[in-house]
Amino acid sequence: MSYAFPEGGLPGQSEFPNSSAVFTTAYACLPAVTHRDIVTSFLPGWIKTRAWIFARPLSGFAETFSQYAVEVAPGGGSDAPEPDGQVQTILFVSNGTGELMINGETEVIVAGHYAYIPAGQSWRLRNRGECALQIHWIRKKWEPAPGLEKPDAFVTHEKDHTAQPMPDSDGVWATTRFVDPEDLRHDCHVNIVTFQPGGRIPFAETHVMEHGIYVLQGTADYLLNTDWITVGPGDFIWLRAFCPQACVATGSEPFRYLLYKDVNRHPKL
């Protein structure tokens, strides 16, 4: 498996600033070429760490979540990473080796590891390796619901989960789920969606969930509202609720992306 991550750097002065970046009221596409050093942020409570922030709650943009790509240099990390006790955390490791401590229990995490940390639970993260630790970090305020407790923390790995084929897809469209869809304690899911070359979403999905999509591998032509765009490794897409979407995987390798969506709660009125 390969897991894309921002490369940083800066184009040379001979480059012309053409870009496929798009920002509309229905969707945004931030291609990998835009994820440069000069757009990173440093975070309070973290050392030797920088973050690309792809999505944040904003009028006319993401409403339910924020999504970062966090790069931790050797020896860096945080003993107090999350400043808001109402926020749950989902981490997915792209590269490197880290030490993740949740409520005093320590796990060594490497590429392909996935962690869920409920709101209000203490955690720490350190880079104990010799190269950068690169992690996708999704934050969302947990929404309580009658009769439901907060989900339990857990750490798992993609290799321990079988991708489930989507109905009538002959296996060319599959979803790796890290959370049981019937576990209503979870108010969001972060899955890995995989299309084999030529696989597709064969209709324009239009639904209440908003999405954050980070392309981990491969290429595709992606329908966003009324526009078809070409996407590849490291591209990030945000879709607001009800934005039509579909895709057709291109190239000779699987097209895979990390997908956020909000689920299992009544819309706020």
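All of these numbers come straight from a predicted model, not from anything done at the bench.

**Student:** Teacher, can you tell me more about the overall build of the protein chain here?
**Tutor:** When helices and strands are tallied, the protein chain shows zero helices and 20 strands. On C-alpha atoms alone, the protein chain measures out to a radius of gyration of 18 Å, which is about the 18 Å that the 2.2 N^0.38 rule sets for 269 residues. When its C-alpha atoms are laid out on the principal axes, the protein chain stretches across 55 × 45 × 35 Å. Looking at the protein chain residue by residue over its 269 residues, the buried ones come to 49%.

**Student:** What am I meant to see in unusual backbone geometry here?
**Tutor:** Positive phi outside glycine occurs at Asp168, with the angle close to 60 degrees. Within the element layout of this structure, Asp168 appears in the loop between strand E12 (164–165) and strand E13 (173–176). Look at Asp168 and you get exposed, because its relative accessible area is 83%. The phi angle at Phe242 is positive, at roughly 75 degrees, despite the residue not being glycine.

**Student:** Help me understand the environment of Arg177 in this model?
**Tutor:** Following the sequence through the fold, Arg177 ends up in the loop between E13 and strand E14 (188–195). Under the relative-accessibility criterion, Arg177 is labelled partly exposed at 32%. Considered as a pair, Arg177 and Leu223 are 46 residues apart in the sequence and their alpha carbons are 23 Å apart. Among all residues touching Arg177, those that are not within four sequence positions of it are His161, Gln164, Met166 and Asn191.

**Student:** I would appreciate a short explanation of the layout of surface pockets in the present structure.
**Tutor:** Here the idea is plain: a probe the size of a water molecule rolls over the atoms and shows the empty space left. Size it by volume and the largest pocket reaches roughly 630 Å³. Lining of the largest pocket is provided by 26 residues; of these, Glu63, Thr64, Lys140, Glu143 and Asp262 occupy positions nearest its centre. The greatest single-element share of the lining of the largest pocket, amounting to three residues, is contributed by strand E10 (residues 133–141). Residues belonging to the lining of the largest pocket are distributed by class as follows: 11 nonpolar, four polar and 11 charged. Here the second largest pocket is characterised by a volume of approximately 240 Å³. Residue lining of the second largest pocket: Leu10, Pro11, Gly12, Gln13, Glu15, Phe16, Pro17, Asn18, Ser19, Val33, Thr34 and Arg36, and that is the complete set. When grouped by side-chain class, the residues that make up the lining of the second largest pocket number five nonpolar, five polar and two charged.

**Student:** I would appreciate a short explanation of the sheet that holds strand E16 (residues 219–224) in the present structure.
**Tutor:** By way of backbone hydrogen bonds, the strands of a sheet pair with one another, either parallel or antiparallel. Spatial strand order, E17-E16-E19: three strands in an open sheet with antiparallel pairing. Both edges of this open sheet fall to strand E17 (227–231) and strand E19 (245–250), since each of them pairs with a single strand only. Each strand axis lies, on average, 20 degrees off the axis of its neighbour in the sheet, ignoring direction. In terms of strand pairing, E16 meets E19 through six bridges, oriented antiparallel. Along E19, the bridge assignment pairs Thr219 with Thr250.

Calculation rules
Residues numbered from 1 in each chain as written. Predicted model: local features only at pLDDT ≥ 70, side-chain atom pairs only at ≥ 80, totals over all residues. Heavy atoms only, no water. Helix = DSSP H or I, 4+ residues; strand = E, 2+ residues; numbered from the N terminus. Rg over C-alpha atoms; globule rule 2.2 N^0.38 Å. Buried < 20%, exposed > 50% of the residue type's maximum accessible area, 1.4 Å probe, protein only. Contact = heavy atoms within 4.5 Å. 1 Å grid on protein atoms, 1.4 Å probe; cavity = no way out; pocket = protein on both sides within 12 Å on 5 of 7 lines; lining within 4 Å. Points joined across faces, edges and corners; volume = space filled by probe spheres on them. Nonpolar A, V, L, I, M, F, W, Y, C, P; charged D, E, K, R; others polar. Pairing = 2+ DSSP bridges. Axes fitted to C-alpha atoms, helices over the stretch in contact; angles between N-to-C directions.

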